[in-house]
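# Coordinates in review
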Amino acid sequence: MKPFQITAKIISNKNIKNNYFEIVLLAPQIARNALPGQFVNIKTSEGFEPLLRRPLSIHRIGRQSRVASLESKEGKEIIMLYEVLGKGTQILSQRMQGEFLDVIGPLGNGFNCYPLSAIRYPPILIAGGMGTAPLVFLAERLVHSPQSIVHRKPLVLIGARSESHILCEKEFKELGCEVKIATDDGSRGFKGYVSSLLTEILSTVNCQPSTIYACGPKLLLKEISRISLEQNIPAQLSLESHMACGIGACMGCVIKVKSKKAKGKIDDEYKRVCKEGPVFEAREIAWE
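Residues numbered from 1 in each chain as written. Predicted model: local features only at pLDDT ≥ 70, side-chain atom pairs only at ≥ 80, totals over all residues. Heavy atoms only, no water.

### A look at the sheet that holds strand E1 (residues 4-17)
Taken in spatial order, the seven strands make up an open sheet running E4-E3-E7-E1-E2-E6-E5, and their pairing is antiparallel. Single-partner strands in this sheet number two, and they are strand E4 (54-57) and strand E5 (60-62). Neighbouring strand axes in the sheet, compared pairwise and without regard to direction, differ in orientation by 40 degrees on average. Sheet topology note: the E1/strand E2 (residues 20-26) ladder contains seven bridges and is antiparallel. (Pairing = 2+ DSSP bridges. Helix = DSSP H or I, 4+ residues; strand = E, 2+ residues; numbered from the N terminus. Axes fitted to C-alpha atoms, helices over the stretch in contact; angles between N-to-C directions.)

### Let's talk about the packing of aromatic side chains
As enumerated under the stated definition, the model contains two aromatic pairs in all. Measuring from ring centre to ring centre gives 5.5 Å for Phe 21 and Tyr 82, while their planes differ by 20 degrees; the resulting arrangement is stacked. Of the two residues, Phe 21 is situated in strand E2 and Tyr 82 in strand E6 (residues 77-83); the sequence distance between them amounts to 61 residues. Assigned by exposure class, Phe 21 and Tyr 82 land together as buried. Centre to centre, the rings of Phe 111 and Tyr 213 are 5.6 Å apart; their planes meet at 85 degrees, and the pair counts as edge-to-face. In this pair, Phe 111 sits in the loop between strand E7 (100-107) and strand E8 (124-128) while Tyr 213 sits in strand E12 (residues 212-216), placing the two residues 102 residues apart along the sequence. A residue is classified by how much of its surface remains accessible, and Tyr 213, at 1% relative accessible area, is buried. (Phe/Tyr/Trp six-rings, centres within 6.5 Å; stacked < 30°, edge-to-face > 60°. Buried < 20%, exposed > 50% of the residue type's maximum accessible area, 1.4 Å probe, protein only.)

### A look at the sheet that holds strand E9 (residues 155-160)
Reading across the sheet, the seven strands line up as E11-E10-E9-E8-E12-E13-E16 and stay open at both edges, with mixed pairing between neighbours. Where the open sheet ends on each side, the last strands, each with one partner, are strand E11 (190-191) and strand E16 (279-281). Alignment of E9 against strand E10 (residues 178-183), held across six bridges, turns out to be parallel. The residue of E10 that forms the bridge with Leu 157 is Lys 180.

### Some remarks on unusual backbone geometry
The amide bond that connects Glu 49 to the next residue, Pro 50, takes the cis arrangement and shows omega of -5 degrees. Inspection of the secondary structure puts Pro 50 in the loop between strand E3 (39-43) and E4. Here Gly 277 and Pro 278 are connected by a cis peptide whose omega angle stands at 10 degrees. Examined against the element boundaries, Pro 278 turns out to sit in the loop between strand E15 (266-272) and E16. Its identity as a non-glycine residue notwithstanding, Asn 18 has a phi of 45 degrees, on the positive side.

### Here we look at the side chain of Ser 93
Of note, Ser 93 is situated in helix H2 (residues 87-93). Accessibility expressed as a relative area gives 14% for Ser 93, which makes it buried. For Ser 93, the residues in contact, after removing those within four places along its chain, are Asn 13, Phe 21, Tyr 82 and Val 84. (Contact = heavy atoms within 4.5 Å.)

### Brief notes about the layout of surface pockets
Put simply, the largest pocket is a space of about 1400 Å³. For the largest pocket, the lining is made up of 45 residues, of which Glu 83, Leu 85, Met 130, Glu 240 and Ser 241 are closest to its centre. Sorting the residues of the lining of the largest pocket by element identifies E4, E6, H2, helix H3 (132-144), E9, helix H5 (194-202), helix H6 (218-231) and strand E13 (235-239) as the ones contributing at least two each. No other element matches the four residues that E4 contributes to the lining of the largest pocket. When its residues are assigned to classes, the lining of the largest pocket shows 22 nonpolar, 15 polar and eight charged. (1 Å grid on protein atoms, 1.4 Å probe; cavity = no way out; pocket = protein on both sides within 12 Å on 5 of 7 lines; lining within 4 Å. Points joined across faces, edges and corners; volume = space filled by probe spheres on them. Nonpolar A, V, L, I, M, F, W, Y, C, P; charged D, E, K, R; others polar.)

### Considering the pattern of salt bridges
Overall, the coordinates contain 16 salt bridges when judged by the stated rule. A salt bridge links Glu 83 to Arg 161; the shortest N-O distance between them is 3.8 Å. Separated by 78 residues along the polypeptide, Glu 83 in strand E6 and Arg 161 in the loop between E9 and helix H4 (169-174) bring together distant segments of the chain. By relative accessible area, Arg 161 is classed as partly exposed at 47%. It is possible to trace a salt-bridge network through shared partners that takes in Lys 14, Glu 22 and Arg 60. (Salt bridge = Lys/Arg side-chain N within 4 Å of Asp/Glu carboxyl O.)

### Some words on the nonpolar core
The biggest cluster of nonpolar side chains holds 32 residues, and the ones touching the most others in it are Ile 126, Leu 157, Leu 198, Ile 224, Leu 237 and Leu 239. Among the elements of the structure, E7, E8, E9, H5, E12, H6, E13 and strand E14 (254-260) are those that each provide at least two residues to this core. For this core, the leading source of residues is H5, giving five residues. Residues contacting Leu 239, with those up to four places away along its chain left out, are Leu 221, Ile 255, Val 273, Pro 278, Phe 280 and Ile 285. Membership of the second largest hydrophobic core comes to 27 residues, among which are Leu 135, Leu 138, Val 156 and Ala 160. (Core = buried A, V, L, I, M, F, W, Y, C linked by side-chain atoms within 4.5 Å.)

Given below as structure tokens:
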């Protein structure tokens, strides 16, 4: 389905902690068609500065009821999380309720959400930093699926620099997910990287995840990819990348992927994070 370019009204735009913000936009066309893992491209100002739009993962879809069936198509609002890091996000953080933004979406290919009743073991969702943003939407889809059953709620691993940088723990728990925390400095939960926490969990006899879903920095995803391949666990990774156009035209966000060629030779080719991604199977990425 082709993305929509719309003028979306800002319902709210608030600071939730540190430099992290949550913005809610009235965007029915996008809300009705968005899938977990997709994103929107936002023009943050009304002028030419900054020139490029800012890609933001869709964090949740606003509904009249949080427990409404995801098949009901009643969502009207799209909710995004973002961190103020540069000029574009700084301008975005100053936009006010009632103002309008030029938005394109939904964009990209999202996660493949297997019905939980069709799998033997629950999936593991792994978030590093702002990687929590698209995984809440994914968790909602998995948990609220008509095929979902209670004892197969996902296990969520959240990694952060410190306790003050932990995001979305409450949202995951409200969905009934089991949540484990890893912090680099040990201020909360497991001391170390969330990938090390995953290794520790997988070493237990009764942990056999059906799928790993992950989003976060490149180094984290590279390690998750390695672990998943060693353990023979399917993994879907949502890549973060600097984007220019966001629609696949400029080729500015390509990554190397493995491709089988003639006579058994395997060469590298390229795919666009904004178009073929941002979600890729771990086994297809050629990490550098």
